[in-house]
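# Close look at the chain arrangement
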Amino acid sequence: MNRQQLLHERPQLRADLLSLEKKIESERVPRVMAYLDRCGATFEAVPGWPGWYAARWHDEGNFGDHARRWACCADVEMDCEWPYALAFKARVEAQEAEQ
């Protein structure tokens, strides 16, 4: 059984898990976003994948001369990294509003 099936079939588990994920990630997401900002990350909606958002960045000190890309889905039932997807989405929307 995958995450989507489990959360759909067990509503109380879904509520408990999402509450726990929100609590844990509310502390991590700002630190991760600050790291991405320091690395000059860009954010984008993933073409052809509604609800998916990505960050691209370089961090030669940790990863060498390789570009990094991290994509995640804003749907809580599809991806446990949904809090990051919402943060990426907010950046994408802010970029679009500036244009």
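Residue indices begin from 1 for each chain and proceed along its sequence in written order. Given that this is a predicted model, residues contribute local features only at a pLDDT of at least 70 and side-chain atom pairs are listed and counted only at 80 or more, while totals for whole chains, interfaces and linings are drawn from all residues. Hydrogens and water molecules were not included; the side-chain quantities draw on all heavy atoms of the structure.

### Focus: the side chain of Glu21
Stated precisely, the cut-off is as follows: Note on conventions: DSSP H or I runs of at least 4 residues are helices, E runs of at least 2 residues are strands, and numbering of each starts at the N terminus. Categorising residues by exposure relies on relative accessible area from a 1.4 Å probe, with only protein chains included: less than 20% of the type maximum marks a residue as buried, more than 50% marks it as exposed, and the intermediate range marks it as partly exposed. When checking whether two residues touch, look at their non-hydrogen atoms; a contact exists if any pair is within 4.5 Å.
Of note, Glu21 is situated in helix H2 (residues 11-38). Exposure remark for Glu21: the relative accessible area of 12% places this residue in the buried category. Excluding anything up to four places from it in sequence, Glu21 contacts Arg3, Ser26, Cys80 and Trp82.

### Observations concerning the pattern of salt bridges
As a reminder of what qualifies: Put simply, a salt bridge is a Lys or Arg side-chain nitrogen that is within 4 Å of an Asp or Glu carboxyl oxygen.
The full count for this structure, using the stated rule, is five salt bridges. Of the charged contacts in the structure, one is a salt bridge between Arg28 and Glu25, with a shortest N-O distance of 3.5 Å. Here Glu25 and Arg28 lie together in helix H2, a separation of three residues that amounts to about one turn. The exposure class of Arg28 is partly exposed, given its relative accessible area of 40%. Glu25 sits in the buried class, given a relative accessible area of 12%. Arg91 is the salt-bridge partner of Asp37, the closest N and O atoms lying 2.6 Å from each other. Highlighted residues: Asp37 in helix H2 and Arg91 in helix H4 (residues 82-98), separated in sequence by 54 residues.

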